[in-house]
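# Structure assessment
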Amino acid sequence: MSNTKQGSRELYPELLRVFACLAVILIHTKTRGASRALVFDRGTADYWLSLFFTVYIRFAIPAFLAISGAFLLGRKEETLKKQAARIVRIAAVLLIFSLFYYLVDVITSGEKIRLLTFLKLVYSTNVNFVLWYLYTYLAFLVSLPLLRPLAQNLSNKGFLYMFGLVLLLGSLVPCLEVLILNNRVHYHPRLSLSWMSENLVIYPMFGYFFHNRLDPEKDIKDWWWVWPASAVSIIITVFTLHRMGGINGGLTTQILRAYVERFNLLHTASVFLLARCLCTRLTIPGWMSGIITSVGSCVFGIYLTHVLFMEENSLFPKLWTFLRTYMGGLTSTVLASMGVMMVCYLIVRVLKIIPGIRKLL
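On a predicted model such as this, the values are computed, not experimentally measured, just so you know.

Thresholds, definitions, all that
- Residues numbered from 1 in each chain as written.
- Predicted model: local features only at pLDDT ≥ 70, side-chain atom pairs only at ≥ 80, totals over all residues.
- Heavy atoms only, no water.
- Helix = DSSP H or I, 4+ residues; strand = E, 2+ residues; numbered from the N terminus.
- Contact = heavy atoms within 4.5 Å.
- Patch = residues over 30% accessible without salt bridge, like charges linked within 9 Å, V, L, I, M, F, W, Y side chains within 5 Å.
- Areas by Shrake-Rupley, 256 points an atom, 1.4 Å probe, with all protein chains shown as cover.
- Salt bridge = Lys/Arg side-chain N within 4 Å of Asp/Glu carboxyl O.
- Expected span 1.5 Å × (residues − 1).
- Buried < 20%, exposed > 50% of the residue type's maximum accessible area, 1.4 Å probe, protein only.
- Core = buried A, V, L, I, M, F, W, Y, C linked by side-chain atoms within 4.5 Å.
- Axes fitted to C-alpha atoms, helices over the stretch in contact; angles between N-to-C directions.
- Parallel < 35°, antiparallel > 145°, perpendicular 65-115°, else oblique.
- Left-handed = near helix turned anticlockwise from the far one by under 90°.
- Phe/Tyr/Trp six-rings, centres within 6.5 Å; stacked < 30°, edge-to-face > 60°.

## With respect to the side chain of Arg 86
When you line up the elements, Arg 86 lands in helix α4 (residues 80-109). Non-local contacts of Arg 86, meaning those with residues more than four positions away in its chain, are made with Leu 72, Arg 75, Glu 78, Leu 141, Leu 144 and Arg 148.

## Comments concerning a nonpolar patch on the surface
Together, Leu 176, Ile 180, Leu 181 and Val 185 line one region of the surface with nonpolar side chains, adding up to about 340 Å² of accessible area. Tracing the chain through its elements places Ile 180 in the loop between α7 (156-179) and α8 (194-197).

## Quick notes on α4
In this model, α4 (30 residues) spans 43 Å end to end at C-alpha, consistent with the 44 Å of a helix rising 1.5 Å per residue. Every buried residue of α4 is listed here: Gln 83, Arg 86, Ile 90, Val 93, Leu 94, Phe 97, Ser 98, Tyr 101, Tyr 102 and Val 106. Against the buried residues of α4 lie α3 (60-72), α5 (115-124), α6 (132-153), α15 (299-305) and α18 (355-360). Gly 110 occupies a position one or two residues after α4 and carries a positive phi of about 80°.

## Thoughts on the nonpolar core
Within the largest apolar cluster, 95 residues are counted, with the highest numbers of intra-cluster contacts made by Leu 131, Leu 134, Phe 272, Ile 302 and Leu 304. Excluding its chain neighbours within four sequence positions, the residues that come into contact with Ile 302 are Cys 21, Ile 25, Val 295, Met 341, Cys 344, Tyr 345 and Val 348. Counting 14 residues, the second largest nonpolar core, distinct from the first, contains Tyr 47, Val 55, Val 238 and Tyr 259.

## Observations concerning the packing of helix α16 (residues 315-324) against helix α17 (residues 329-351)
Across the interface, α16 lies against α17 with an axial gap of 8 Å and an inter-helix angle of 140°. Relative to α17, the element α16 is oriented oblique. Of the two elements, α16 crosses α17, and the hand of that crossing is right-handed. Here Leu 315, Phe 316, Leu 319, Trp 320, Leu 323 and Arg 324 of α16 come into contact with α17, specifically with Gly 329, Ser 332, Thr 333, Leu 335, Ala 336, Ser 337, Gly 339, Val 340 and Val 343.

## Let's talk about the environment of Phe 159
As for its position among the elements, Phe 159 is in helix α7. With 47 residues separating them in the primary sequence, Phe 159 and Phe 206 have C-alpha atoms 7.9 Å apart. Setting aside anything within four residues of it in sequence, one finds Phe 159 in contact with Ala 151, Leu 154, Met 205, Tyr 208, Phe 209 and Arg 213.

## Remarks on the pattern of salt bridges
All chains considered together, the criterion is met by eight salt bridges. For Arg 17, the salt bridge is made with Glu 14, and the minimal N-O distance between the two is 2.9 Å. In this pair, Arg 17 and Glu 14 are both assigned in helix α1 (residues 8-27), three residues apart and thus about one turn of the helix distant. Among the residues examined, Arg 17 registers a relative accessible area of 22% and is labelled partly exposed. Of the charged contacts in the structure, one is a salt bridge between Arg 86 and Glu 78, with a shortest N-O distance of 2.9 Å.

## Examining the packing of aromatic side chains
Evaluated as defined, the whole model comprises 24 aromatic pairs. Ring geometry for Tyr 47 versus Trp 48: centroids 5.3 Å apart, planes at 75°, classification edge-to-face. Classification of Tyr 47 as buried rests on a relative accessible area of 1%. Measuring from ring centre to ring centre gives 5.3 Å for Tyr 102 and Phe 118, while their planes differ by 45°; the resulting arrangement is tilted. Here Tyr 102, found in helix α4, pairs with Phe 118, found in helix α5; they are 16 residues apart in sequence, far enough to count as distant. Among the residues examined, Tyr 102 registers a relative accessible area of 7% and is labelled buried.

## Description of the packing of α3 against helix α13 (residues 264-281)
Interhelical geometry of α3 versus α13 gives an angle of 65° and a closest axis separation of 9 Å. One finds that α3 runs roughly perpendicular with respect to α13. Relative to α13, the crossing made by α3 is right-handed. On α13, the residues that touch Pro 62, Ala 63, Ala 66 and Ile 67 of α3 are Asn 264, Thr 268 and Phe 272.

This is the structure we're talking about:
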């Protein structure tokens, strides 16, 4: 079996897709994982461990958008036909899977199929919560003609300035307002750089910068500090969540959603750096490279289908319950999520044999 280091530039995004896909599944584990801290008393070991866990896994969607930015923002101006084809593909996937999940809901609830109701749902909300990402991705694709020249003409110093502003005003300051000012005082909303912090801007821009501007031979030498900085940011986020729980009389889902992703940019950078270092500094066996590439090619389909196995009385809770008798709760959560990912991978691999579906997934 041959070993390989060549092609590492192409392999590390596939490894990132695998990491991010597993993180997405972990995010959807509810009180068995992602919101596990809500069921434990404040200050207990399980409470703290669960907080660190839920903060750590939040790099999933930023990583997906950053990978898209890495490959799409660096391209030369494309024809209108090619741009439209990319948008139509995602819109078709959105429509097909919206219809699929709508039919599942209607059949299980015993209601009638109403076409107008379905179309209203697709237009104004998510038929299934997992589909929200497709709307964001469509917005990103539509914005490509504007984001490309911004990315390609921005200097490295300009990128660092952008990232610094987002980390300062979008990440650090909101946390310090909680930790130091007990969430009583906030900086003026007119100072907000929310347009820059939007998912479809900052993460694709970061992905482009990392993939196209940073030298893989010097990334550890020049960017080693990202890992300890990310670790510190996770600690800051955890204590911010803890303090907000104290201020509000307990940790809630709303508090988690408001603060758990504050340092996602720095955290995503640490995961990108880890993936590329693994692929460039280790000799990856050919068989392992093949597995990573194969799973990476199915990640989109896994993302779209995994929720079928996360509900009560489905695969994930049954696997978790079985594993829980032998090991810790979070270990069971990770392994059960990997089991769901493996099952979805096999299903998607079969579906991709069908020509029409292969192009969509």
